[in-house]
Amino acid sequence: MTSRYIEIRPDNIPADGKISFKNGFPVLSFTISAQDGLLDPSTIRIVGNFNAYKDNLATPTPLRTGDNVTMNNRLGIYNVIESFTVRAVKSKMICESIRHYSKYLNTYLGLNSSLQDQMGHLGETCLMMPNATSFRQSVMESPAGGTQTNSFSFHVPSGFMMSGNMINLRNDAFGGIQLEFLLQPDSNVLYSDAGSSSGIGDAHYELSNLKLCCEINDFTDEPKGNQSQGVMEFNTITSLYTSINSNNAQLQYNLALRNVISAFATFVPVSFINSLTADGQVTVYPSGNGTSLTALAPIRRVQWLKGGSKFPADFDYVNNIEDDANQQLPDPQIVRNLVDAVSPDYTNERFAISPANMNRDYSMTPSATTDTAYNLIPEGGSIMGLGVKYGIGGAGEDFSTEQWGLSIESDLTADRPMGVYIFIKSRAQLVFSPNGIQLIQ
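Residues numbered from 1 in each chain as written. Predicted model: local features only at pLDDT ≥ 70, side-chain atom pairs only at ≥ 80, totals over all residues. Heavy atoms only, no water.

Undergrad: It is not clear to me how the overall build of the protein should be interpreted in this structure. Could you clarify?
TA: Looking only at helices and strands, the protein features five helices and 25 strands. Taking 441 residues into account, the globule formula puts the C-alpha radius of gyration at 22 Å, and the protein, at 22 Å, falls close to it. Expressed as a percentage of its 441 residues, the buried residues of the protein come to 54%. Put simply, of all contacts in the protein between residues at least 6 apart along the chain, 78% involve residues at least 24 apart. With an accessible surface of roughly 17600 Å², the protein has 47% of that area assigned to carbon and sulfur atoms. Averaged over its 29 positive side-chain charges, the protein has a centre that lies 3 Å from the centre of its 42 negative ones. (Helix = DSSP H or I, 4+ residues; strand = E, 2+ residues; numbered from the N terminus. Rg over C-alpha atoms; globule rule 2.2 N^0.38 Å. Buried < 20%, exposed > 50% of the residue type's maximum accessible area, 1.4 Å probe, protein only. Contact = heavy atoms within 4.5 Å. Areas by Shrake-Rupley, 256 points an atom, 1.4 Å probe, with all protein chains shown as cover. Lys, Arg positive; Asp, Glu negative; His and termini not counted. Charge placed at Lys NZ, Arg CZ, Asp CG, Glu CD.)

This is the structure in structure tokens:
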């Protein structure tokens, strides 16, 4: 079997070849058409150029030193993706869809890539950097009198894309696929590390020279058997969003999922989202303790629930004592549960999580110079979340008839709404036939 390299232009590219949320192009889509060959989705790369500007003039002004505009340094180019969807071209039915994609990747990348990855190949291909200041200076800001353009070539982490399944692109088999990326608004990608939106109200990012690259394996012999129907299995992500504003938060959902493998939740102040003044993509501890809106509100007790009862652990996870000024690290069991929920067993040697970026010793006030600011946390930035793993050996747990729940006791006593992003990993089956596609979870 021989392979060939192909390039595909976006379906909805404007005349000037530049796509930005501000200029009315919030969706980026690519179609890999039906043809003779097998597609390995893991080879797909989205290639293009990234620019960031201070205003929206006819010839926009590039960001310079002193503008203090940046974006989340662990996410890099993934900052711009709000959701990701794969569709079958023949039926237009959804094969996989992940909302809040960048929020999911912030935790996923922190627990599935090392600092060396972020400084090396991920820095080159995805514009990621473990140091926030270096990221701002090398990716966001242009030199005086010039315009810096950063090229990228990012992969698309998801269950469908990384499952190992080969896609038969023939019309009498699975057929072609379409990839859709819903872009983030500029105000949820860019922010001022000075904490002010003055002079940057029209700051925006721009993508250009976009294309999809992948490899397709040609058939050397005619495929045997019935290629028009089959089943693919992969892990997928279901995302939920809610907010809490209490020191005793109770979260309950009817998931209607039969094979839940794990779940994890991350937090961000609601005021940070779409603000231009704070990083809306960050994952941090709840904040709003006593009379201070920016003081961290440490989590004291966690319960994972099924049908209202503690499950899978029949006990509370009690965090360590926060009243000791020298105890700034979370309980090791809380950390271990998050790692188990996010990282497959075979990737347990590639982490960017450490006491330097998962602790309670930082300020929720952004800064370009203060080392204790949340946006300058070293080694890629803050990693914070609550996680749980279900079943043994990937067997999963049935939540189709009983509610999934999470109970959080914290020091959140101020009027400070916290956004909670919940990600449920479950086993899915994609059944395809001449009549269409059905996703069973």
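Undergrad: Got a minute to help me understand empty space enclosed by the protein in this structure?
TA: The gaps left among the atoms become clear once a water-sized probe is rolled over them. Summed over the entire model, instances satisfying the criterion amount to two cavities of 30 Å³ or more. Lining the largest cavity are 20 residues, with Asn73, Ala132, Tyr191, Asp279 and Asn375 sitting closest to its centre. For the lining of the largest cavity, a count of residues per class yields seven nonpolar, nine polar and four charged. Considering only enclosed or pocket space, the second largest cavity measures out at about 50 Å³ in volume. Residue lining of the second largest cavity: Leu28, Ile46, Ile77, Val80, Ile81, Phe152, Phe154, Phe181, Leu183, Leu207 and Leu210, and that is the complete set. Looking at the lining of the second largest cavity, the elements that each hand over two or more residues are β9 (150-154), β11 (177-183) and β13 (204-217). (1 Å grid on protein atoms, 1.4 Å probe; cavity = no way out; pocket = protein on both sides within 12 Å on 5 of 7 lines; lining within 4 Å. Points joined across faces, edges and corners; volume = space filled by probe spheres on them. Nonpolar A, V, L, I, M, F, W, Y, C, P; charged D, E, K, R; others polar.)

Undergrad: Where do I start with the side chain of aspartate 316 in this structure?
TA: Residue position: aspartate 316 is located in the loop between β20 (309-310) and β21 (317-318). A polar contact is formed between the side chain of aspartate 316 and the side chain of arginine 301, at a distance of 2.9 Å. Looking at aspartate 316, its side chain comes within polar contact range of the side chain of lysine 310, at 2.9 Å. (Polar contact = N/O pair within 3.5 Å; in protein donor to acceptor, adjacent residues only side chain to side chain.)

Undergrad: Is there a simple way to explain the state of the cysteines in this structure?
TA: Any covalent bond linking the sulfur atoms of two cysteines counts as a disulfide. Applying the stated criterion across every chain, the model contains zero disulfides. In this structure cysteine 213 is a free cysteine whose sulfur lies 7.8 Å from that of cysteine 214, the closest cysteine sulfur available. For cysteine 213, a relative accessible area of 6% puts it in the buried group. (Disulfide = S-S within 2.5 Å.)

Undergrad: Just checking my understanding: could you explain the pattern of salt bridges for this structure?
TA: Two side chains of opposite charge can pair, provided their charged atoms sit close to one another. This model, assessed by the stated rule, comprises 17 salt bridges. With its nearest N and O atoms 2.6 Å apart, the salt bridge here joins aspartate 218 to arginine 4. Residue aspartate 218 is located in the loop between β13 and β14 (230-244), and its partner arginine 4 is located in strand β1 (residues 3-8); the two are separated by 214 residues in the primary sequence. Exposure remark for arginine 4: the relative accessible area of 28% places this residue in the partly exposed category. Three or more residues are tied together by salt bridges with common partners; here these are Arg301, Lys310, Asp316 and Glu409. (Salt bridge = Lys/Arg side-chain N within 4 Å of Asp/Glu carboxyl O.)

Undergrad: Explanation requested: the layout of surface pockets in the structure shown.
TA: What the second largest pocket holds in volume is close to 180 Å³. Lining the second largest pocket are Pro14, Asp16, Lys18, Asn23, Phe25, Tyr53, Asn56, Leu57, Ala58, Pro60, His204 and Glu206. In the lining of the second largest pocket, the residues fall into six nonpolar, three polar and three charged.

The values reported here are purely geometric and, on their own, carry no functional implication.
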